[in-house]
Amino acid sequence: MADFDENAVRAIVRDVLNKLGSGEIKSFNIGSGRSDNNGIFDDVDEAASAAFDAFKALSKGGFAARQKITDAVKDVTVSRAREWGEFEFEETKIGKLEHKIGKLEIIKGVPGTEWIRPDAWSGDNGITHEEYAPYGVIGAITPVTHSIPTIAGNIVNMVAAGNAIVVNPHPGGVKSAVKAVSEFNRVIEKTTGIKNLVCCMAHPTLETFDAICKNPNIAIMCITGGPGVVSAAMKSGKKSICAGPGNPPVIVDDTVDLDKAARETIEGGAFDNNLLCVGEKEIFVLDKVADEFARALERNGGFRISGSALDRLTSEVFERKGDKFSLKRTLVGKDPQKLAEAAGTACPKETRILFAETDRNHPFVIEEQMMPMIPIVRVGSFEEAVDAAKRAEHNYRHSAIIHSLNVERMTLMARELNTTVFVKNGPSTAGLGLGGEGYLSYSIATTTGEGISNPKTFTRKRRCVMAGNLNIF
Ligand code: NAD
């Protein structure tokens, strides 16, 4: 072993600490192997290899380590909710500040290790256990609409199931992702000694996505995003759990309290300026109650636009290519006041959504607009409403909402749309355990069918059998 001078080492450490304190050293060498970079990497292979080592360390720590980590991640998310919410709002400039903070404060609703329980059989032929085992390292692709909440929720679910993670965040939310992941690693290391359990790409690109798809240390991927990334992941050859896009339709019929239906539609659709994938995106209302429903929207924070204001907003929001429209991103997640301005008008500061009467083929009906402007479409019958809603939902099988007291109509809509989340007589957010029963997740695996993700979503089933008559009764 080489000799070393203890005093010389102390002097070097003191010097480095002084420089750090004075700001002379501004950052660590990001991505340089296993150094203390708090999980932030430039290179996918290095990140995956560090995460794989962390996965092995987590396996050694057992359920106790998983529990400590998920508790610590929840605690730090809640305690940093305001700071991180403000940071993400400043970085992404979309949504509403109070909802950015709120989405972090509710992390406690995401389920953890209590979901990992074996199934067991015992009988004349012995005993059999089916265990929910981890995959290893999971590649998580996260959206700009909820950068830190998705990462925090994914960590709780995935680590509760025994996995490590490599995150490729949306470039528009990468600073927020890096800030939160660094802190998550700091608390994880402090509570368990495990480093780099959550690795994050410092410069996420399509190339880093591709490298995650190809890396042998990354067992599966979890995609939370729109149609492009879902389709890329499904073609990658790696198993992908896909929480894909939505365009949730709402049907309002003539059996309900229209004020309640309007209030709840606005509550869900206005949340975070309609960035939620479950959020109300278009409304089909029976003709005989349409006028009264529009007035109810106005009474509850909705502001109606029409004619040239609607045309102007449509051309600001969508780009036309032949008979198809695509969403320009400039007004995504902006306040209704900003949308009204873009429409050449003005709305009161209390306005929570804009709405406009349109036909069922309007781009605001067909495209996932992700902003607080919701089209309402009159329909002559409930069956017509279901047909139009089905078309607008694009078979994404994501979410749908109905306001009706007629159970047969509820059943018809449920059968026809076949969505992962179906909310009756409440805001869309009730489908995420917020004012409805059930648990919370920020990744709703719609495309691949696992549903609202939970720790079991990120496990492999393994059967363990002891044969023979072991009957003790
Ligand atoms: P997005 O599709 O633009 O980006 C999502 C992620 O995929 C980002 O990390 C992005 O960098 C990456 N990405 C995009 N295209 C890619 C490609 N071709 N190859 C590789 N990576 C690619 O979506 P967004 O604007 O960040 O988020 C909004 C979308 O996500 C909406 O469609 C919304 O419905 C959906 N979403 C779904 C859920 C769910 O749980 N199902 C949750 C949140 C958001």
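Scroll up a little and you will see the structure.
Residues numbered from 1 in each chain as written. Predicted model: local features only at pLDDT ≥ 70, side-chain atom pairs only at ≥ 80, totals over all residues. Heavy atoms only, no water.

Draft legend 1. Focus on the overall build of the chain. Secondary structure summary: the chain contains 15 helices and 20 strands in total. Taken against the 2.2 N^0.38 rule, which gives 23 Å for 473 residues, the C-alpha radius of gyration of the chain at 25 Å falls within 12% of a compact globule. Buried residues in the chain amount to 53% of all 473 residues. Nonlocal contacts in the chain, meaning residues at least 24 apart in sequence, comprise 72% of its contacts between residues at least 6 apart. With an accessible surface of roughly 21,100 Å², the chain has 52% of that area assigned to carbon and sulfur atoms. One finds the centroid of the 57 positive side-chain charges in the chain at a distance of 2 Å from the centroid of its 61 negative side-chain charges. (Helix = DSSP H or I, 4+ residues; strand = E, 2+ residues; numbered from the N terminus. Rg over C-alpha atoms; globule rule 2.2 N^0.38 Å. Buried < 20%, exposed > 50% of the residue type's maximum accessible area, 1.4 Å probe, protein only. Contact = heavy atoms within 4.5 Å. Areas by Shrake-Rupley, 256 points an atom, 1.4 Å probe, with all protein chains shown as cover. Lys, Arg positive; Asp, Glu negative; His and termini not counted. Charge placed at Lys NZ, Arg CZ, Asp CG, Glu CD.)

Draft legend 2. A look at the site of the ligand. Within the structure, the ligand sits among 30 residues, and Thr142, Val144, Arg329, Glu368 and Ile444 are positioned closest to it. Take Gly246: an N or O atom from its main chain is 3.4 Å from an oxygen atom of the ligand. Within the backbone of Ile444, a nitrogen or oxygen atom sits 2.6 Å from an oxygen atom of the ligand. Taken by itself the ligand offers 830 Å² of open surface, and the protein chains cover 86% of this. At the level of elements, α7 (206-214) and α8 (227-234) are the ones that each hand at least two residues to the shell around the ligand. (Near = heavy atom within 4 Å. Polar contact = N/O pair within 3.5 Å; in protein donor to acceptor, adjacent residues only side chain to side chain.)

Draft legend 3. Representation of the packing of aromatic side chains within the structure. With the rule as written, the count across this model stands at five aromatic pairs. Measuring from ring centre to ring centre gives 4.7 Å for Trp115 and Tyr439, while their planes differ by 70°; the resulting arrangement is edge-to-face. Here Trp115 is found in the loop between α4 (97-105) and β2 (119-123), whereas its partner Tyr439 is found in the loop between β17 (421-424) and β18 (444-445), with 324 residues between them in sequence. Trp115 gets classed as partly exposed once you look at its relative accessible area, which sits at 30%. What makes Tyr439 partly exposed here is its relative accessible area of 23%. Taking the ring centre of Phe63 as reference, the NZ or CZ of Arg66 above it sits at 4.2 Å. A cation over a ring is seen here: Lys179 above Phe87, with NZ or CZ 4.8 Å from the ring centre. (Phe/Tyr/Trp six-rings, centres within 6.5 Å; stacked < 30°, edge-to-face > 60°. Lys NZ or Arg CZ within 6 Å of the ring centre and 35° of its normal.)

Draft legend 4. Structural view of the nonpolar core. Within the largest apolar cluster, 117 residues are counted, with the highest numbers of intra-cluster contacts made by Phe184, Phe284 and Phe293. Considering each element in turn, this core owes the most residues, 13 residues, to helix α2 (residues 44-79). Ignoring sequence-local partners within four residues, the contact set of Phe184 consists of Val73, Val76, Thr77, Trp84, Ile151, Ala152 and Ile155. (Core = buried A, V, L, I, M, F, W, Y, C linked by side-chain atoms within 4.5 Å.)

Draft legend 5. How the structure looks around the packing of α2 against helix α6 (residues 174-192). One can describe the packing of α2 onto α6 by two numbers: an axis separation of 9 Å at closest approach and a directional angle of 140°. For the element pair α2 / α6, the angle class is oblique. Here α2 runs over α6; the crossing is right-handed. Where α2 approaches α6, its residues Ala65, Lys68, Ile69, Ala72, Val73, Val76 and Thr77 are matched on the opposing element by Glu183, Phe184, Val187, Ile188, Thr191 and Thr192. Of the residues that constitute the contact of α2 with α6, the class distribution is eight nonpolar, three polar and two charged. (Axes fitted to C-alpha atoms, helices over the stretch in contact; angles between N-to-C directions. Parallel < 35°, antiparallel > 145°, perpendicular 65-115°, else oblique. Left-handed = near helix turned anticlockwise from the far one by under 90°. Nonpolar A, V, L, I, M, F, W, Y, C, P; charged D, E, K, R; others polar.)

Scope: geometric values only; no functional claims are made or implied.
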